Structure formats: structure tokens, C-alpha cells
Amino acid sequence: MASFTERMAFVLVMALCLSGALAVDRGNFKTCDQSAFCKRQRALKPGESPYRALLETMELTNTRLTLQLINDNNKVRLLLELYRLQGNITRVKINELKPLKPRFEVPDVLVREPPTEPLSLLSQDENGVVLSLGAESQRVIVSARPFRLDIMEGRDVLMSLNSRGLLAFEHLRMRKDTSQADSEAEKKEEVDPANPAETTKDEDDKDEDGMWEETFKSHTDGKPNGPSAISLDFSLPGVEHVYGIPEHAETLRLKTTDNGDPYRLYNLDVFQYELFNPMALYGAVPVMLAHNSQRTTGIFWLNAAETWVDISSNTAGKTVFGKMLDYVQGSSETPQTDVRWISESGIIDVFIMLGPTPKDVFSQYASLTGTQSFPPLSSLAYHQCRWNYNDQEDVKLVDAGFDEHDIPYDFIWLDIEHTDGKRYFTWDPHKFATPKEMLQGIMDKKRKMVAIVDPHIKVDSNYKIHNEIRSRGFYIKNKDGGDYEGWCWPGSAGYPDFTCADMRSWWASMFAYDQYGGSMENLYTWNDMNEPSVFNGPEVTMHKDAMHGAWEHRDVHNLYGFYVQMATAEGLIQRSGGVERPFVLTRAFFAGSQRYGAVWTGDNAAEWDHLKISIPMCLSLGLVGISFCGADVGGFFKSPSSELLVRWYQTGAYQPFFRAHAHLDTPRREPWLFGPENTALIREAVRQRYTLLPYWYLQFYQAHCTGQPVMRPLWVEYPQDPATFAIDDEFLIGTDLLVHPVTEEGARGVTAYLPGKNEVWFDVNTFQKHNGAQNLYIPVTMSSIPVFQRGGSIIPRKLRVRRSSTCMEHDPYTLFVALNPQRTAEGELYIDDGHTFNYEKKEFIHRKLFFANNILSSINLAPDAKFSTQSWIERVIILGASKPSKVTLQTADGQESQLEFEFDSSMSVLTLRKPGMNAGEDWKVMLQ
Amino acid sequence: MRFYVFIASVFCCAFADSRKIRGISSSYKRFYRERKSFLCIDGSKLIPFEQVNDDYCDCEDGSDEPGTSACPRGRFYCTNLGFRPHYIPSSRVNDGICDCCDASDEYNSHIRCQKTCWNLGQRERAYVEGQMRTLDEGLRLKQQLIEEGVLLWREKQAQLRELQQKAEDLHLKVEEHKKRKHQADQHKEQTLKTLQAGGAGSRQHNNTASGLFQFLDNNKDGSITVDEVQARVVTIHDEKRLLSENEAVALLGGGRQMDLTMFRHTLWDTLTKGDNVKIRDTNAALDSPVVEDPLLMAADRAAKWEATNLKKVEEAYETVNMEISDLQQKLAIDYGTDWEFLFLNSQCYKLQVYEYTYTLCPFNQVTQENTAGTQVSLGTWGMWAGEPKNQYSQMVYENGEPCWQGGSRTATVTLTCGTETALRSVKEPSKCQYIMDFQTPVACQPVLKQRGIHSEL
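Residues numbered from 1 in each chain as written. Chains lettered and ligands numbered in written order. Predicted model: local features only at pLDDT ≥ 70, side-chain atom pairs only at ≥ 80, totals over all residues. Heavy atoms only, no water.

### Digging into the overall build of chain A
In step 1: Regarding its fold elements, chain A presents 16 helices and 53 strands.
In step 2: A compact globule built from 928 residues would reach a C-alpha radius of gyration of about 30 Å, and chain A, at 29 Å, matches this within 12%.
In step 3: Each principal axis of the C-alpha distribution contributes one length, and for chain A these read about 95 × 70 × 55 Å.
In step 4: Taking all 928 residues of chain A together, the buried fraction comes to 63%.
In step 5: For chain A, contacts bridging at least 24 residues in sequence account for 72% of all contacts bridging at least 6.
In step 6: Counting only carbon and sulfur atoms, one obtains 50% of the accessible surface of chain A, whose full area is about 32000 Å².
In step 7: When the 94 positive and 122 negative side-chain charges of chain A are each reduced to one mean point, those points stand 3 Å apart. (Helix = DSSP H or I, 4+ residues; strand = E, 2+ residues; numbered from the N terminus. Rg over C-alpha atoms; globule rule 2.2 N^0.38 Å. Buried < 20%, exposed > 50% of the residue type's maximum accessible area, 1.4 Å probe, protein only. Contact = heavy atoms within 4.5 Å. Areas by Shrake-Rupley, 256 points an atom, 1.4 Å probe, with all protein chains shown as cover. Lys, Arg positive; Asp, Glu negative; His and termini not counted. Charge placed at Lys NZ, Arg CZ, Asp CG, Glu CD.)

### Considering the overall build of chain B
In step 1: Each helix and strand counted, chain B has 9 helices and 16 strands in total.
In step 2: Counting every position in chain B, which comprises 457 residues, the buried fraction comes to 41%.
In step 3: The long-range share in chain B, meaning contacts at least 24 apart out of those at least 6 apart in sequence, stands at 47%.

### Side note on the interface of chain A and chain B
In step 1: Taken residue by residue, the interface counts 35 residues in chain A and 29 residues in chain B.
In step 2: Here chain A meets chain B over a buried area of about 2700 Å², counting both sides, of which 44% is carbon and sulfur.
In step 3: Three residues stand out in chain A for area buried against chain B, namely Arg802, Arg803 and Arg913 of chain A, and they jointly supply 23% of the buried area on that side.
In step 4: Applying the counting criterion to the chain A and chain B interface returns 8 salt bridges.
In step 5: Put simply, Asp58 of chain B and Arg913 of chain A hold a salt bridge, and the shortest N to O gap is 2.5 Å.
In step 6: Across the contact surface, chain A and chain B share 19 residue pairs in polar contact (both at pLDDT 80 or more).
In step 7: Within the residue set of the side of chain A that touches chain B, elements represented by two or more residues are helix H1 (6-19), helix H6 (392-404), strand E48 (873-879), strand E51 (900-904) and strand E52 (909-913) of chain A.
In step 8: Residues of the side of chain A that touches chain B, tallied by class, amount to 10 nonpolar, 4 polar and 21 charged. (Buried area = accessible area lost by both parts, 1.4 Å probe. Salt bridge = Lys/Arg side-chain N within 4 Å of Asp/Glu carboxyl O. Polar contact = N/O pair within 3.5 Å; in protein donor to acceptor, adjacent residues only side chain to side chain. Nonpolar A, V, L, I, M, F, W, Y, C, P; charged D, E, K, R; others polar.)

### So, the UniProt feature "domain: MRH" (unreviewed entry) in chain B
In step 1: Per the UniProt record, "domain: MRH" (unreviewed entry) is found at residues 346-446 of chain B.
In step 2: Between the end C-alpha atoms of residues 346-446 of chain B the distance is 26 Å, and the span holds 0% helix and 56% strand. (UniProt positions renumbered as here; feature names shortened; annotations may be inferred.)

### What about the pattern of salt bridges?
All names here are of chain A.
In step 1: Applying the stated rule across the entire model yields 74 salt bridges over all chains.
In step 2: Residue Glu274 is joined to Arg26 by a salt bridge in which the shortest nitrogen-to-oxygen separation is 2.6 Å. Of this pair, Glu274 sits in the loop between strand E16 (263-265) and strand E17 (287-291) while Arg26 sits in the loop between H1 and helix H2 (36-43), placing them 248 residues apart in sequence.
In step 3: Overall, the relative accessible area of 48% leaves Arg26 in the partly exposed class.
In step 4: Put simply, Glu306 and Arg264 hold a salt bridge, and the shortest N to O gap is 3.0 Å. Within this pair, whereas Glu306 is found in the loop between strand E18 (296-301) and strand E19 (307-313), its partner Arg264 is found in strand E16, the two being separated by 42 residues in sequence.
In step 5: Overall, the relative accessible area of 0% leaves Glu306 in the buried class.
In step 6: If you follow the salt bridges from partner to partner, you end up with Asp221, Arg264, Glu306, Glu344, Glu539, Lys544, Glu552 and Arg554 in one network.

### Let's talk about the side chain of Lys448 of chain A
Residue and element names in this part refer to chain A.
In step 1: Tracing the backbone shows Lys448 in strand E24 (residues 448-452).
In step 2: Of the side chains with opposite charge, Asp410 comes closest to the buried, unpaired Lys448, at an N-O distance of 5.1 Å.
In step 3: Among all residues touching Lys448, those that are not within four sequence positions of it are Ser378, Asp410, Phe411, Ile412, Ile442, Asn522, Tyr524 and Thr806.

### Re the confidence of the model for chain B
All names here are of chain B.
In step 1: Chain-level pLDDT for chain B is 84 on average; 88% of the residues reach the 70-or-more range.
In step 2: Long-range and interchain partners of residues 1-18, a stretch whose pLDDT sits below 50, account for 21 contacts in this model, where long-range means more than four residues apart.
In step 3: Note on residues 283-290: pLDDT under 50 across the span, and 7 contacts to partners over four residues away in sequence or across chains.
In step 4: Scored as a complex, the prediction yields pTM 0.86 and ipTM 0.89. (pLDDT = per-residue confidence, 0-100.)

### Structural notes on unusual backbone geometry
In step 1: In this structure, Pro146 of chain A follows Arg145 of chain A across a cis peptide bond, with omega equal to -5°.
In step 2: Note on placement: Pro146 of chain A falls in the loop between strand E8 (138-143) and strand E9 (148-153).
In step 3: A cis amide bond, omega 0°, links Glu531 of chain A with the succeeding residue Pro532 of chain A.
In step 4: Of note in this structure, Asn853 of chain A is not a glycine but carries a positive phi near 50°.
In step 5: Position of Asn853 of chain A among the secondary structure elements: in the loop between strand E46 (845-852) and strand E47 (855-860).
In step 6: Notably, Ala103 of chain B is not glycine yet its phi reads approximately 65°, a positive angle.
In step 7: Of note, Ala103 of chain B is situated in the loop between strand E4 (86-89) and helix H1 (117-206).
In step 8: For Ala103 of chain B, a relative accessible area of 14% translates into the label buried.

### Side note on the nonpolar core
In step 1: Within the largest apolar cluster, 178 residues are counted, with the highest numbers of intra-cluster contacts made by Phe300, Phe425, Trp507, Phe583 and Tyr649 of chain A.
In step 2: Membership of the second largest hydrophobic core comes to 50 residues, among which are Leu149, Ile245, Trp301 and Trp341 of chain A. (Core = buried A, V, L, I, M, F, W, Y, C linked by side-chain atoms within 4.5 Å.)

### Some words on the sheet that holds strand E14 (residues 410-417) of chain B
All names here are of chain B.
In step 1: Strand order in the open sheet made by the 8 strands is E9-E10-E11-E12-E13-E14-E16-E15, with mixed pairing throughout. Every other strand in the sheet has two partners, leaving strand E9 (349-353) and strand E15 (422-430) as the edge strands with one partner each. Across the sheet, the mean angle separating the axes of adjacent strands is 25° when strand polarity is ignored.
In step 2: Taken together, the 8 bridges between E14 and strand E16 (residues 433-440) define a ladder with parallel strand orientation. (Pairing = 2+ DSSP bridges. Axes fitted to C-alpha atoms, helices over the stretch in contact; angles between N-to-C directions.)

### Some remarks on the sheet that holds strand E25 (residues 457-458) of chain A
All names here are of chain A.
In step 1: Strand order in this open sheet of 3 strands is E25-E27-E26, and the pairing throughout is antiparallel. Both outer strands of the open sheet, E25 and strand E26 (485-488), are each paired with one neighbouring strand and no more.
In step 2: Two strands pair when backbone bridges link them, and E25 and strand E27 (residues 491-494) are joined in this way by 2 bridges, in the antiparallel orientation. From the neighbouring strand, Ile457 faces E27, where its bridge partner is Gly494.

### Considerations on the packing of aromatic side chains
Residue and element names in this part refer to chain A.
In step 1: Inspection of the entire model under this criterion finds 68 aromatic pairs over all chains.
In step 2: For the ring pair Phe511 and Tyr516, a centre distance of 6.1 Å and an interplane angle of 75° mean the geometry is edge-to-face.
In step 3: According to the relative accessible area criterion, Phe511 is buried, its value standing at 1%.
In step 4: Classification of Tyr516 as buried rests on a relative accessible area of 2%.
In step 5: The ring of Trp696 carries the charged tip of Arg689 above its face, separated from the ring centre by 4.2 Å. (Phe/Tyr/Trp six-rings, centres within 6.5 Å; stacked < 30°, edge-to-face > 60°. Lys NZ or Arg CZ within 6 Å of the ring centre and 35° of its normal.)

### Focus: the environment of Gln394 of chain B
All names here are of chain B.
In step 1: Structurally, Gln394 can be placed in strand E13 (residues 394-398).
In step 2: Considering only alpha carbons, one finds Gln394 and Phe438, 44 residues apart in sequence, at a separation of 9.3 Å.
In step 3: Filtering out sequence-adjacent residues up to four positions away, Gln394 remains in contact with Met383, Trp384, Ala385, Gly386, Thr412, Val413, Thr414 and Leu415.
In step 4: At a separation of 3.4 Å, a polar atom in the side chain of Gln394 contacts the side chain of Thr414.

### A look at helix H12 (residues 608-623) of chain A
Residues and elements named next belong to chain A.
In step 1: Counted at 1.5 Å a residue, the expected span for H12 with its 16 residues is 22 Å, and the 24 Å between its end C-alpha atoms agrees.
In step 2: At Ser614, H12 shows its maximal bend, which comes to roughly 25°, and the proline Pro616 appears one to four places after that position.
In step 3: After H12 finishes, the residue Gly625 shows a positive phi value of roughly 95°. (Expected span 1.5 Å × (residues − 1). Bend = angle between axes of the 7 residues up to and from the residue.)

Shown next as C-alpha cells:
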């Protein structure tokens, strides 16, 4: 939904007056220069670090190395902790040795305290120590003066920390203008035995602007704790490509930031965001991936405060010719990317994921923050949303419209107007007078609904939710200790403190059927505005000096949306007694949000560039664990042309979260409102999605099990092919489907890169075979969605597209077997009930489908699992086959029967007619 | 709304060799006569007959699987005995949702469908009967309204003619009054001139009888009248006093007028003697000969009077012309082939929906008023916008109050058949786009009426 507001309306009008264009009002959001700590930190230039490792303080246990660092300028000591974690991860933690008060450490994001592996000392002298990082001949070198860390494998440096001397730690301090008594206390502190004989010489302690107070526009941020920023640099030798740190409206490959602002991570409700821009958006995942053709590594900077990331590269300015010259002359430095992270508060807690393959990095990151939640199958189908469906009658008519036009859909959505005066958990008494009746009507069609529940709570003493939160003291407090109040959809609103576990469990209990009146089991939830959005707050969000218990909002800001979705998902689980999988969509997110549901890219616009950028935006999210990503189909703001709308459906049908959405002020755009031709085009795109649901479901099962992304950049599967490294106008779903959607207006053709030197790809519509490692020009018409199946793969589809995915539950499968040049192929089939947690109790079918030596067989991958299905195999289509003389089916009981088949010699397509075996059983099909 | 005529299928035992093929209508049975093989209806493929309805799609056109969900483009025929037969997409066969009221689409699913055709049929028949009654009543009322409309139309036409006649009359009157005003103006002008001339030359002219006569003969008609005497002759003792009529008559020798000859012998002497009367002191009169001159004042009054009269008549003429153009504009609107919509003109219909009251004044405007009393225009009369074959089924009101994001509010009014004329529903599916359902007998269409519908059910 929306960041449009009354206030924003005014801003927009102003913007229109000034620029005449619909775009973000940049003046509402800080640049690095306007963010005091960023400005301070960025003013530090690379050079020799003032930090020194005090080797004599080193303590090495089996699992942990600790060591004190001292800043020679101000004598403040830090404590370095170094862990070797299981799965080729190194954790580096740096905190003040004796902070004036505790500094915030992010809880709840890691799925557990990460298990460690033994560290061992290889050598030590006065210059430093060398530690072994487990088996793979990896070492970490701790240099003492100046302090730096180098992670080596063999003779290669994989990554260096503080090699540019940008480690900075603004220690907590007393304010200079406080009373003498305080200064005395400070002095006493300084002669603490931990800091023996060293008098603090606060060279860098001179007060600068913005250390104790900062004003942006009309908002003043009182900073009772003073400066607390942290910073660290990472050097990545041999790396020219870095990815990740969503959410930005940016290309897949991140750009260097030398000539502009750093990438900003600070969850914000940005009205009409601009593209190709490092500005912060709704969510933040502080994870960056670095890749070259030998290795992939990752940096996870676990900090929830406002964060800025600078990227520079020694090859960034070079032309291709310059690089070639370097190569020919064998000269010059190796390429290197330098990255620098700056956060406003908290501690340095960084996980260095050492790969070496992209898949390894995904598993490593998943081992820390968890994997994608396994969504209900239906949530992978098509969602119909609009701000707003006006009343029950409207819902009924839209539902009927889908049936009339024979377009499937699974979820219809209600935005904020469904509530009684923007009081969440309630219904408008006139427009939605009988919600259960409405939900039952939807359920009768085996469909579902999502209603919005935002975290801002109307301040209204007649509103139960507000009264309970207030009386329980669950609201976030302002700096003076009163309940924090901001302006949002309902007017004056309070913001529950979702960082508080008691608050979250109370919130979860509000989703019980007897609490949330009018709700039923087919009603799911959408959390919007959870950055949090505060219309009258600084940068449209909360004041940083608001209080979450003992912690400032400054410390936890980027976690807020994560917690909102966590509590909501928990509520949906609890209401079913732990049986049903939840579905919750969120706009704000953080590392770990993948565990709770889906995200979308917020309030985009009906413009071709917004369609294009949906691909890199979701790819970037997939790289950092959040697979269930989508963009508003059609564009939220403005009104799409029918061509743009059709192209967006065609693209969205091949992205993980597939939902059409539209702003309140736009004309209606249900799929049948653009003439019969466009209706047919949209119908076909949606139907393609439905036929592929078994494949999507399998991808999500695998993402849930392994943390691999569902929607993948090509380089993830072809890490040694530099041609793939910057591609972001096409993508893979899993390993086997390559999609190059048409995202250009008036396109007559697209050029798709088909990767893989000895591979082949089959056009899924024509079955035409193409060789890999080539740029292929594909002429397109309005009905074209260029999609290719990888030779060597088997994809199960359900071709009987029905009203909703649930209606297709028992339908038979068609197996698409695409042979590679070696005439083999493999794939998987996963089946369960589609909506409960019973798969955790091994109630599922997971089979490997394997074709080799002219035998296609189904092998049980989970012999200990139990589930039965009515679904059977109705058809097998083998692409790249030769004509057999006879086809024999052997079923589990050993019975053999002949199968009828058809062979199309022009395309080498063999179709086996109605083999009929149950999809859950062992079988073999032999071609002779 | 469309009603389907159900044709009872009485092909009993006509094809003894035809086993029951699920999902086809009787008219398609001829394609499914049991033979060795089946030809897809599009002729594309010949398949063994056992493969008809075997839950595998062989024909591109889906014709081999009329009774299963196997074909993506297939359709399934619900016989729905007791109700309306119809086709559903094959994808709705055995999908766990009851689509056919005879339950025939869910022959192999976990759901148990109620057979509801009879009830539906009854309800449908009751509904159709209701509709029929409504239609009958509606058409009767419509006929009345048409008749009234014709009368109204004639009345309006008569009114127009009347107004036009009135306008014509007024036009003549205006012309006449213009003329009169012109004359009065001229007279005033002349009086003024004479007065000015008289003021300048009275002394010289007073020396001769004819000169004085001419001076006194204000209107230059060759005789002096009572008025003229009163205007210029005063008593010696009281110059200010106007002579009475009797005194003037006495001066004129007992008559009401006097010519020059008579004057020479009578009044001329009296005046030249100057014992009793004299010519008003022209010296004093010279100071303000215009204002105070009674003759001039009379002329001025007359001119003003005529001007006022002209204005009145002109105004009346303008009013009538406006009425005519108003009426012509109204009559220029398309009120349907029989002027059946004419009666809606000048009516307004209200409906409250949630917090808003909507007012539709057909052929005029649509407004929305909130509980606080703020009124917003949703559009003024635009045009008929129904489909070509029934253009009177929809009205569009446009150019209402502007919307926040540009454009202006519009209201689309759909007219449906009913026995009363009333606004039935208002919706705003998209911001500033209003859709109204307006029921009225005049929207009833006799083409809808198909007697004998469902009589076999």
C-alpha cells in the first residue's frame, strides 16, 4: 500500500510545482552530509590506523580468541573477539572494553548462538599472531601495529579488515559541559585498573557538530548518549563485483560510491522512490556478497542502526581498453574492491562468510539467520490487490469477474479502507458488515483473503487494541517517558514496542479467531508501514531518541519491521494451534525476515523502468536470503498502459511473489478491463504461473531447506562465466528455468544470454533447442514471455489450470524432460498437503526424477517420509529425444505395460500418453 | 439480462447405440456416436473411441474430453434438468466446487453437491415471473409515461410557440416604444433649443407683435395655448405665481387658443401696456432657463417616461427570449424515441449511501453531499452512452468537481427496468468515477419480453 498521506499530498503538490515531475522529494531524506555521524566518519580518510593490538592481552580458548585494541590517539581500549564458526564462517566482534553503559547488540536475528569450531595458534611474534581457521588451509593473521586482520587461503588474501585504517569506534563519553562532579567521576573511571597508567588524551574527543544534538528540517534529535558511531573497512582483493545490501532501487551489481553518497540502510517510507540510487528504502539487510570467477564471499554486518556502506574499486574508473592493456602488459595491481561500513550505534559484529561457492555463502548465511519460511502453496499463486476493494459487494464482483473471464487467482486483498476508521483488527461496519459471510463466499471458491494490519495504533480510548497496549505499557515511549505518538493513517497513533517479547506474544494472541472478530482461517495478514512510517516524524519515521525499554530507537530502528512480521506470523501460527503455515507480507525487513513470510518492493510506479528494476531488486533480496519477493504488478502509483500492464503480468508471473496492486487514485485495472485481447494475454500469463506451481513449490521447499535463493542471478549458477556477472534483465528460477521477460516498450525482440558452454536450452513454448554460452536474439510479440528450460532438467507441471491452486491439488502432473547433450536429465518432485506444518513430521513426498540410458525413473528421496497423493502422471514430454520403437512402463509392483507415444521429429519431442502411475510411487519408463 | 430458452431434449432412444457421453448437450450427440474411432470435432485427429472421456486430452479442441477436466480448452455441459442448462469450462469439472445444479460436474470429487436445479428453477421461475410482472407493469407505466411524454412534449411545444408569439408581440412593442421614446427625446431636444434660442432673443422679438407671438408660441403651431400663456406670462405683482387656467383663458379672450391676428388686437396690447401682466422676466429666466422652464420639464418627463416604458418592454422581451432558449435547449435533448424520458427533466432523485447523499437530477446534474452538508458536483449532463443497440440504457454526467490527482469527477448512470423511478445504488469503483443504478419504467424494453420462457421446466 501506500506512503501517500495528507501531509505527503502537500509535499507532492510542492514537488510538482518545483519539478513538474512525479518523483521522490529528496529533501525529506538525509544525505550522508546531513547525517552527523556519517559525515564525521566519512571525513576520516584511509591511512594508518590509530589502533594497535595489545598482544599481551590475547586469550585463546578452544573456540574464541580475545584481544584488546587500543586507540593510540585517545587511549580508549576495545575488545576484539574472533570466532571460527562452523561452515567456513569467521566472526569478528569489536566492542568497547569498558563502555560507559552497555552498547546494543542485535538479538533475535541469529537463529541460535552460532556453533563454533576450534581455533588454533599457528605462530606468534611481536608483530602479530597467525591462527588456523580449520581445515581448508585458511589462516587469519592478526597484525598488531597498526591493527589489521587478513584472512588467507594458501597464499591468497581473501579479505582484509582495517587494512585502510578506517576502524573507528566512537566510545561512549560524558558530555563536556556537564558538571564538575561528573568529570570527577569520569576521571575515576579512567584510573580503573583495566586502563593502567594510561591517561586519556582525547585528541579526537573534541566536540563536533551533531555529536550531542542534531537537527534535520524541524526535527531535533537529542542524543543523550552522545556520539556512538562505528566503522570498519574491508578489502577484497581480486574482486570487481559486489552485490546485496538491499533494499535499494539499484542494479544487481552495486556501483562504487566515490562520487556520491554511500548506500544507505535505514528503513524508510519513501514516497515515489527514485531508481538507480543509493537512497534507503523500506527494508535493510546488511549483507554484501563479493564475487569473482574463483570465489564468492560474504560480509554480514549485524547492526540494526542507521548504516551507510561505501564501495570503491581500483578498476572502477578504468575503461575496458585500460583493463585489457593491464592484462596484456601483465602489469598493474590486481583488481580490488574496498568496502566500508559505518553505523550510528551498537557494536561491530561481523560475519565473514568465506564461500567459496555462491551456494556455500547462501548456506553459511542461512546457518546464521535461517532460511526462507515454507509458504502455503496457494501464496505462490496469483494475488489480486487494490487500494481498495470498496465493500463486500465489490469483493464479490471482482471474485466473480475472475470466474467469468476464466482467470485463476488465489488471494484477494483488502487495504486500509476495510477497517473501521483505520483501527486494525476491525471492519468497517457498513462496507464490511459481515466479514465472515464474505470470507465464506471466498472459501467456497477455495480462495483466500489478506487484510492489512499495520503497526500504528489509533489513539482512541474506545479502541480495545489501543487501550490494552496502553494499559500494558507496550507502547514505545518518547524521550520524556510518555507514550510516543506520531501521525499516520488513523491520525494520532501509538507504536507498539515490537522489540519487547511480551508485546509480541500479546500481539500474536490478537490474531486468535475469538479476538480478531470477523476473521477466519482463510484470512491472512499484510504488515505495511512498519519501517515504522510516522508521517510527521523525521524522514517520515520515528524519532531516534524514542525509547524501547532501555534502548533508543536509534539502536533498533532497522529491526522494527522484522519484529512486526515475526509477531504477526506467530499469531497466525498460534490461531491454528500450530498447525497451519502463516502467510504475512511485510514492507520493512531486516536480516532474518525471510523466516516470517514475503516482502514486496513497496510503492513503485506504473513506469517501464519500475518494471525493469523489479528484477534486480528481487534478485538482490534473494541473494541475502529473502526469496519470497515481488513488485506490485502494474505499478502502484499512476496508471499503466495496457502494454505495460500485460508485460508486467508476464514478468510478475515468473517472480516469486505475484501480486497486482494499485493506488486508490488510479482507475480500476482488473485484468479484464483492457479489452478481450489484453484479457487473453493476461490470462495466459497467469495460467503459465499456475502450470508451474509444482516447480515453484519445490523451489520454495528447497529454499526452506537449504537457503538457496529461488530467483537467482545467472552468476550464481555460472560463477565462472564473467559474462553473467552483471546481468539483471534476465534471471533463473531455481537452476532449470531461465526467464528474460520483455520489459521494453514496443519491443520487437529481446537478446537473452543463454549460459553454459556445453549446455542446451529449450524454449518452453516452441521446444526449440538453443546452445548455451551465446547471446540469442528472440523476436517477440505481445504474447511472448521468453522462458527456457535447461537441457538436463526435469520440470513437473500441472496443466489443468483451475480457478485456484487449491482446486488443482489432486490434479495429475505432466513431466517436461529436457535432455542435455549427454542425453540425461534430472529433477525433483515435492508434494505435501500444501498448507500445514505436517511436512515437519515427514508427511510429504519428495522424489528424484532421473533420466539416463533411455530410462526415466522416479526415486524416493525421503524414504522415511509418508504421504499419499491422488495425483498421477498424465503425460511425459521428452525434449531432444529420438524416436523409440517401444516404450514400457514398469510400476512399483513390477508390472510392465506398453505406453502409447507420439513423436514430433521436427522438434525431436517425444510425448508419452497417459502413463498413469501415481506421482508418489516408484516407477520406471524405458525407451527402446 | 438474458434468458435462455430451454429446449426440452426428447431424443429418447433415437440412438440405441450411443452410450451416455458425459458432458455434452443433446445437440452434440451426433459427434459421439459409438464407432471404432472418434474424430475430433475440429477434424484434426482420429482417435480410438475408448479415448473419449478417458481423462487424457487428445484433441487440440478438447472435444474428446467433454466430461473430464483433461483438456485446457474444453467445456462441460451441465444439463441442469429443472433449471437452465449451460456450459462450464472443463477446469471446473471435479474441482471440489459445485457448479452445475444437477451436481454433474463433481462426479468424482470429495465434495457432495446438492442437486439444486429444482429449487433454482423455482426460484428462477419466481424471479422471472417477478421480472415479467415488473416488465408488464413497467411497460404499462412506460406507455403511460410515453403518452404523458407526448402530451408533455406537445405542451412544451405549445409553450414554446406561445412564448415565441409573446416574443414577437413584445418585439413589435419594443419597436413602437423605441419610436415613441425617440419622439419624446426629439421633442425634449427641440424645447431645449427653443428655450435657449428664446432666452437669447426674447428682447428683440418682444418689440414686435409677431415676434412676441412667436416667442409665446412655444410649439410653433401658429397659435398660443393656455399652456403656452401659463409658461411665459405672469402678473406684474407676483412673477413667481403661475397663472391659473381661468386667468390664462381670460387673457386669450375667453378661448383656449389665439392666433396671431387675434393676438395683435388683444393680448399684444395688454402685454405692451403692462398694467396687469407682463412677459416673465427673462433676465431671471436666463439663469436657468432649462430646469425651470415648465415646458422643458414636461418634455423631459415625457422622455423619461418613454425610456422607462421601453426598458420594461425590452426586459420582458429578453426574459421571454431566455425562456425560449431554455426551453429550446431542453427540447433539443434526446428524450428517447417517444419522449419517454422527458418527464425526468426537472425531477431529482436522492439516495443515501453510507455517509453520503447522492442526488441525480436527470439531464441536469449529479451531486454528492456529506453529512456535514458539503456538496460536490459529480458531473453535469453529458450524453446518452449506452451501446448502439440500446443507447438509452446509460447516461453520462461529466466535468464534475476536479479530483486530487487530476481529471474531474464523472458519473455513469445505468438505467434499468422497474416499476418505480428511483436511484437504486451508487458506487465509486475508482476514485472520482461514480456508477449509479437508476430504475425507471421507461427503461423497460419490450424486446426483453419472451413469453413462454421456461414453460417446459
